[in-house]
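# Geometric and topological summary
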2 protein chains.
Amino acid sequence: MNGQFPSILLEKAVNEFAKLPGVGRKTAMRLVLHLLRQDTAMVENFANAIVTLKQEVKYCKVCHNISDTETCRICSNPQRDASIVCVVENIHDVMAVEATQQFRGLYHVLGGVISPMDGIGPGDLEIESLVQRVAAGGIKEVVFALSTTMEGDTTNFYIYRKLEKTGVKLSVIARGISVGDELEYADEVTLGRSIVNRTPFSGAV
Amino acid sequence: MNGQFPSILLEKAVNEFAKLPGVGRKTAMRLVLHLLRQDTAMVENFANAIVTLKQEVKYCKVCHNISDTETCRICSNPQRDASIVCVVENIHDVMAVEATQQFRGLYHVLGGVISPMDGIGPGDLEIESLVQRVAAGGIKEVVFALSTTMEGDTTNFYIYRKLEKTGVKLSVIARGISVGDELEYADEVTLGRSIVNRTPFSGAV
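This section reports on the structure supplied with the text.

Conventions used here
Per-chain numbering applies: the sequence of each chain, read as written, is numbered from 1 onward. Here chains are named by letter from A upward and ligands by number from 1 upward, in the order in which they appear as written. Only residues with pLDDT of 70 or above have their local features reported here, since the model is predicted, and side-chain atom pairs are shown and tallied only from 80 upward, although totals for entire chains, interfaces and linings are computed over all residues. Only hydrogens and water are set aside; all other atoms, that is, all heavy atoms of the structure, feed into the side-chain values. Disulfide assignment relies on a single distance test, namely cysteine sulfur atoms paired within 2.5 Å. Buried means the residue's accessible area, taken with a 1.4 Å probe over protein chains only, is under 20% of the maximum for its type, while exposed means over 50%, and partly exposed covers the values in between. For the least-squares superposition of copies, only C-alpha atoms count, and only for residues with pLDDT at least 70 in both. We call two residues in contact whenever any of their non-hydrogen atoms come within 4.5 Å of each other. Only strands that DSSP links by at least two bridges are regarded as paired with each other. Helix numbers and strand numbers start at the N terminus; a helix is a DSSP run of H or I with at least 4 residues, a strand a run of E with at least 2. Lines are fitted to the C-alpha atoms to define the axes, a helix being fitted only along its stretch in contact, and any angle between axes, read from their N-to-C directions, falls within 0 to 180 degrees. Pairs were defined over the aromatic rings of Phe, Tyr and Trp, the Trp ring being its six-membered one, requiring ring centres within 6.5 Å. Orientation was assigned from the angle between planes: stacked under 30 degrees, edge-to-face over 60, tilted for the rest. Buried area is calculated as the accessible area (1.4 Å probe) missing from two parts once they are joined, with the contributions of both summed. Here a salt bridge means any side-chain nitrogen of Lys or Arg lying within 4 Å of a carboxyl oxygen belonging to Asp or Glu. Any pair of nitrogen or oxygen atoms within 3.5 Å is treated as a polar contact; in protein, a donor-acceptor pairing is required on top of that, and neighbouring residues in sequence qualify only through side-chain atoms on both sides.

Now for the state of the cysteines. Residues and elements named next belong to chain A. Inspection of every chain in the model, using the stated rule, returns 0 disulfides over all chains. In this structure cysteine 60 is not part of a disulfide, and its nearest cysteine sulfur, from cysteine 63, lies 3.8 Å away. On the basis of relative accessible area, cysteine 60 is assigned to the buried category, the value being 1%. Of all cysteine sulfurs, the one in cysteine 75 lies closest to cysteine 63, which takes part in no disulfide; the gap is 3.6 Å.

Structure representation (structure tokens):
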């Protein structure tokens, strides 16, 4: 987007949109012009939705997932298995695991991973509250479902050291070839892991 | 984005963002989570910028460009040549022409092009006000700078018929090979036009 803005109000709105991740000035301009063509009520709904979320957002006091109530829908659901806790980085990951419908336990949202490069240490994450949750008893297994990156692995290991003496079973989600992927395009670390961690085959996977 | 939202407030905000053009539900979620990580003041600035723009936006009474004042900065600039008017589709195009720094006249923003498919007729555009502007005198040339599409050409022709008897010079921006383009990749209509409308060559273009 070259050229001088014809209006300071327009420029301000474009600047705000351009602060969003992955939104450049051209896209920001397109989005603002789109909103300008909508009626006032629609624009106000748009603005209110995000302000209301920011002002009234709550986090579950048990798992730290985003929630409209003190305890989230998952933690307060008696149908869920409270003896198994899946440790994830953020609420995005809770939704991703939920979408698989393969997990019936509870979650623990760390709020990030340990990343010295970004200045994020263990104290910035909900690790201490996880340790206390395990110490309180009732949990039999903790499943680590963090990103398979250096930062994710560091965080896995840090929490592992904190929990290894509690006697609780610790597991990590399987790493291997994605379903539908062709072997020749898989990276060698992933392929290597999938061979080392091969699973018994009984005619169907 | 699969899975149930953990919060209705979150879902509402994501739904609002997903209404923006080119923003899917995954991107909407990413943008909302980004804003959620910012402080409240930043989120309020974001929301206020777009609501203020929508509520207080003005359009120049002369050229219909977006403006903070009754008459826009371009129309009220005595340095600009008021005898030449460039007809464009929207304010985006004003900024694009301004960025070239090759035009010192004024603009006339139609607010779209004639498009029966989208239900946009001449009455929905600022065509009558252009005819009156020309009839008021002082304008020597009208330059058509609309998109080189069927709709743009239809609009050009419609306005041409309205202005042809006024004696004002009518011109259209040159169509030809883009600077930097290779001939073999140019479409044949464009290449044909560029041959028909060839310009005198004096050693440098």
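Read on for the rest.
This part is about the relation of the copies chain A and chain B. Of the transformation placing chain A onto chain B, the axial shift is 0.1 Å and the rotation is 179°, giving an RMSD of 0.2 Å. Taken together, the turn and the small shift mark the pair as related by a two-fold rotation axis. Among all C-alpha atoms of chain A, that of alanine 47 of chain A lies closest to the rotation axis, at 2.3 Å. By residue overlap, the copies meet face to face through one surface: 100% of the interface positions of chain A are interface positions in chain B.

So, about the sheet that holds strand S6 (residues 169-172) of chain B. Residues and elements named next belong to chain B. Across the sheet, 4 strands lie side by side as S4-S3-S5-S6; this open sheet has parallel pairing. On the outer flanks of this sheet lie strand S4 (105-109) and S6, each paired with one strand and no other. Here the strands of the sheet are splayed against their neighbours by 25° on average, with no regard to which way each runs. Direction of pairing for strand S5 (residues 141-144) relative to S6: parallel, over a ladder of 4 bridges. When the bridges of S6 are listed, glutamate 141 appears paired with lysine 169. Of the strands in this sheet, strand S3 (81-88), S4 and S5 are in contact with helix H5 (residues 127-135), which crosses S4 at around 150°.

What follows concerns the packing of aromatic side chains. How two aromatic rings sit relative to each other is set out by the distance from centre to centre and by the angle between their planes. Scanning all chains against the criterion turns up 9 aromatic pairs over all chains. Their ring planes at 20° and their centres at 6.3 Å tell us that phenylalanine 157 of chain B and tyrosine 160 of chain B sit as a pair that is stacked. One end of the pair, phenylalanine 157 of chain B, and the other, tyrosine 160 of chain B, are both in helix H6 (residues 150-163), 3 residues apart, so they sit about a helical turn from each other. Note on tyrosine 160 of chain B: relative accessible area 36%, which makes it partly exposed. What links up through ring pairs into an aromatic cluster is the set Phe17 and Phe46 of chain A together with Phe17 and Phe46 of chain B.

Tallying the contact residues gives 54 residues for chain A and 54 residues for chain B. Considering only the side of chain A, the residues that lose the most area to chain B are Leu36, Lys54 and Met95 of chain A, jointly responsible for 13% of the buried surface there. Along the contact surface separating chain A from chain B lie 0 salt bridges. Summed over the shared surface of chain A and chain B, the number is 12 residue pairs in polar contact (both at pLDDT 80 or more). Secondary structure elements with two or more residues in the side of chain A that touches chain B: helix H1 (8-18), helix H2 (25-37), helix H3 (40-56), strand S2 (66-67) and helix H4 (91-100) of chain A. With 15 residues, H3 of chain A is the single largest residue contributor to the side of chain A that touches chain B.

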